Amino acid sequence: MLGELKQAISMHDPEVAALIAAEDVRQQQTICLIPSENYASKYVLAALATSFTNKYSEGYPYRWQDGDKVARNGRYYQGQANTDALEHLAMQRALDLFTPNPERYHANVQPLSGSPANLAVLNACLEPGDTFMGLSLQHGGHLTHGHNVSVTGRYYQAVHYHLNDDEVINYAEVRALAEKHRPKLIFCGATAYPLIIDFAQLGEIAKAVGALLVADVSHINGLCIAGQHPHPFPHADVLTTTTHKMLRGPRAGLIICRKELGEAIDRSVFPGLQGGPHMNTITSMAIALQEAATESYQAYAAQIVKNAKRLAQTLQQAGFRLVGGGTENHLLLIDAVQSAENVRSKSGGYLAARLEKAGIIVNKNTLPGDDKPWLPTGIRIGTPAVTTLGMVEQDMDVIANWITRVAGCKDDDGTLLTVKQEVESFMAAREIPEAFAQS
Ligand SMILES: *Cc1c(COP(=O)(O)O)cnc(C)c1O
């Protein structure tokens, strides 16, 4: 199906087709350990390439009237019979997948990605200059949780909480800062945090100071819906998430909120921040949400955690120091600089670049305590992608062994090339699956 389309592109525009083909090869030959990346099914991919790409559908498939959604006619352009049905379907699937009682919540499936979704929530709930809280970027939070290079940090007053000395979220600090600053909203969720997030405690803190709790589960969405991580609801008022990453959908964002906040969130997304929704992406999202509502997805999520734990254990045995002492979710943070002497590196970037030469793709990451943000001392590793490839615990031992050899070798002793060849033959034996088991 996709092969035919690619064939057609190569006749039509060989220059672009060559780049697509090269990326296909790169993904097939290397091991992806970036925790925010994954492989989408051929159905999710194919749904991006449909006639919904051609359609403008500013507005919503419903209107708000006295705080209630009424059917139809919230669009600005005609010709919405199919987009309306499609968006309804995607919303319903999102609510069924993510909420304990769908009738109490509202879904907005239009955010173009995770960052716009977070900005939309702030824009809906705060006035410029209002105070909100989030986890510090250096301690694992996301840019959009108020970092000063993001508009979320420039237009609002952001107060940051941190990890404690044990590299666990400092809930006592969250409480103290919340009582002191009285934020209107508290963001939780992270982009680089290997431990469980205590949504119940954060919800209690938020409630005590009259703040909304927003759980950004972009990284752990699949674990939450599969019972591998506590669920943000009912503690959170709003959930934001990307639909790529662990969810294996298209690159997009999703907001789910208590029904009372629905109208404000909708107005914030459109017309507040965006124009026409990407209906082809919403088509694809609907498929991914259905794929994630299966038993096989539950098994997938469980295996992600088992794989991460095994990888952490094997790497620790090899001498690597891991932030937080290991992992409880899908990712781990290696302290590249302060690990045992035989596997220590100059910086996270140095180790990440070496691993890439050996066919293992990771990203460098700042760690708590880093004083030079441009020179991160860690690397971040995750198991969602390799678990999609069907890898299990024994495969994690193989990967940990490669990482150990790459970290420990001399630049010119041939190890990087040897590992690269081993990775390529390992990957040749496991094609990226075009579809996942159903039921
Ligand atoms: C990835 C991520 C985002 C942003 O997603 P984009 O799609 O890259 O904009 C937001 N929050 C968290 C916690 C993330 O991990």
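The structure presented is a predicted model; accordingly, all values stated were derived computationally and were not measured.

Some thoughts on the environment of D24
Logical step 1: Position of D24 among the secondary structure elements: in helix 2 (residues 14-29).
Logical step 2: On a C-alpha basis, the gap between D24 and I432 in space is 9.8 Å, while along the polypeptide they are 408 residues apart.
Logical step 3: Within the local environment of D24, its side chain forms a polar contact with the side chain of K6, the two groups lying 2.7 Å apart.

Things to note about the packing of helix 2 against helix 16 (residues 415-428)
Logical step 1: Two numbers describe how helix 2 lies on helix 16: the axes approach to 8 Å, and their chain directions differ by 100°. Classed by the angle they form, the pair helix 2 and helix 16 counts as roughly perpendicular. Contacts from Q27, Q28 and Q29 of helix 2 reach helix 16 at V423, E424 and M427.

Points about the packing of helix 12 (residues 295-317) against helix 15 (residues 393-408)
Logical step 1: Here helix 12 crosses helix 15 at 40°, and the two axes come no closer than 9 Å. The angle between the axes of helix 12 and helix 15 places the two elements in the oblique class. Crossing of helix 12 over helix 15 shows right-handed handedness. Of the residues in helix 15, those in contact with Q303, K306, N307, R310, L311, T314 and L315 of helix 12 are E393, M396, D397, I399, A400, I403 and T404.
Logical step 2: In the contact of helix 12 with helix 15, the residues fall into six nonpolar, four polar and four charged.

Here we look at the UniProt feature "domain: Serine hydroxymethyltransferase-like" (unreviewed entry) in the protein chain
Logical step 1: Sequence positions flagged by UniProt for "domain: Serine hydroxymethyltransferase-like" (unreviewed entry) are, in local numbering, residues 10-403.
Logical step 2: Summarising residues 10-403: 41% helix, 17% strand, and an end-to-end C-alpha distance of 37 Å.

Considerations on the site of the ligand
Logical step 1: Close to the ligand lie 13 residues; S113, S115, D216, H219 and K245 are nearest.
Logical step 2: S115 places a polar side-chain atom, nitrogen or oxygen, 2.7 Å from an oxygen atom of the ligand.
Logical step 3: Notes on the ligand: free accessible area 380 Å², of which the protein chains cover 86%.
Logical step 4: In terms of residues, the shell around the ligand owes the most to one element, helix 5 (residues 114-125), which gives three residues.
Logical step 5: Residue classes in the shell around the ligand are distributed as one nonpolar, ten polar and two charged.

Quick look at the state of the cysteines
Should the sulfur atoms of two cysteines be covalently bonded, the bond is a disulfide.
Logical step 1: Using the criterion set out here, one finds zero disulfides in the structure.
Logical step 2: In this model C224 remains outside any disulfide bridge; the closest cysteine sulfur is found in C188, 9.7 Å from its own.
Logical step 3: Among the residues examined, C224 registers a relative accessible area of 5% and is labelled buried.

Details of the UniProt feature "site: Plays an important role in substrate specificity" (unreviewed entry) in the protein chain
Logical step 1: Under the local residue numbering, the UniProt record ascribes the feature "site: Plays an important role in substrate specificity" (unreviewed entry) to H244.
Logical step 2: By the element assignment, H244 lies in the loop between strand 9 (238-242) and strand 10 (253-258).
Logical step 3: Given the relative accessible area of 7%, H244 is considered buried.
Logical step 4: If sequence neighbours within four positions are ignored, H244 has contacts with S113, N221, G249, P250, R251 and A252.

Remarks on unusual backbone geometry
Logical step 1: Note the cis peptide between F233 and P234, where omega equals 10°.
Logical step 2: Looking at where P234 falls in the secondary structure, it is placed in the loop between helix 9 (221-225) and strand 9.
Logical step 3: P271 follows F270 through a cis peptide bond whose omega is 10°.
Logical step 4: Structurally, P271 can be placed in helix 10 (residues 262-273).
Logical step 5: Phi at K245 takes a positive value of approximately 55°, unusual for a residue other than glycine.
Logical step 6: In this structure, R248 is a non-glycine residue whose phi angle is positive, near 60°.
Logical step 7: Mapping R248 onto the fold places it in the loop between strand 9 and strand 10.

Description of the domain arrangement of the protein chain
Logical step 1: Domain parsing of the protein chain yields domain 1 (45-292) and domain 2 (304-428).
Logical step 2: Here domain 1 and domain 2 have C-alpha centroids that lie 30 Å from each other.
Logical step 3: With 18 residues of domain 1 at the contact, the number on the domain 2 side is 23 residues.
Logical step 4: When the two sides are added together, the surface that domain 1 and domain 2 hide from each other amounts to roughly 1,700 Å², 56% of it contributed by carbon and sulfur.
Logical step 5: Three residues stand out in domain 1 for area buried against domain 2, namely Q138, E167 and P194, and they jointly supply 39% of the buried area on that side.

A look at the side chain of R75
Logical step 1: Mapping R75 onto the fold places it in strand 3 (residues 68-75).
Logical step 2: For R75, a relative accessible area of 9% puts it in the buried group.
Logical step 3: One polar contact links the side chain of R75 to the main-chain carbonyl oxygen of S57, over a distance of 2.9 Å.
Logical step 4: Apart from the residues within four sequence positions on either side, R75 is in contact with S57, E58, G59, Y60, P61, Q80, T83, D84, E87, Q110, P277 and M279.

About the thresholds
Here the residue numbers are simple positions, counted from 1 along each chain's written sequence. Given that this is a predicted model, residues contribute local features only at a pLDDT of at least 70 and side-chain atom pairs are listed and counted only at 80 or more, while totals for whole chains, interfaces and linings are drawn from all residues. Excluding hydrogens and water, the side-chain values take into account all heavy atoms of the structure. In this description a helix means any DSSP run of H or I spanning at least four residues, a strand means any run of E spanning at least two, and both kinds are numbered starting from the N terminus. Within 3.5 Å is the distance limit for a polar contact, defined as a pair of N or O atoms, with the added protein rule that one can donate a hydrogen and the other accept it, and that residues adjacent in sequence qualify only through two side-chain atoms. Here, axes are lines fitted to C-alpha atoms. For helices the fit covers the stretch in contact, and angles between N-to-C directions go from 0 to 180 degrees. Angles are sorted into four bins: roughly parallel if under 35 degrees, roughly antiparallel if over 145, roughly perpendicular if 65 to 115, and oblique for all others. Contact criterion: two residues are considered in contact whenever any of their non-hydrogen atoms come within 4.5 Å of each other. Each helix crossing is assigned a hand: it is left-handed if the near helix lies turned anticlockwise from the far helix by less than a right angle, otherwise right-handed if that turn is clockwise. Amino acid classes used here: Ala, Val, Leu, Ile, Met, Phe, Trp, Tyr, Cys and Pro are nonpolar; Asp, Glu, Lys and Arg are charged; the rest, including Gly, are polar. UniProt positions are given in the numbering used here, feature names are shortened, and annotations may be inferred rather than shown by experiment. Throughout, near means a residue has at least one heavy atom within 4 Å of the molecule or strand. Values of accessible area rely on a 1.4 Å probe in the Shrake-Rupley scheme; residue burial ignores everything except the protein chains shown. Count a disulfide wherever a pair of cysteine sulfur atoms falls within 2.5 Å. Under the scheme applied here, a residue whose accessible area is under 20% of the maximum for its type counts as buried, over 50% as exposed, and between as partly exposed, the area being computed with a 1.4 Å probe on protein chains only. Where each domain starts and ends comes from a domain assignment, either automatic or drawn from a database. When two components associate, each loses some accessible surface as probed by a 1.4 Å sphere; the sum of these losses over both components is called the buried area.

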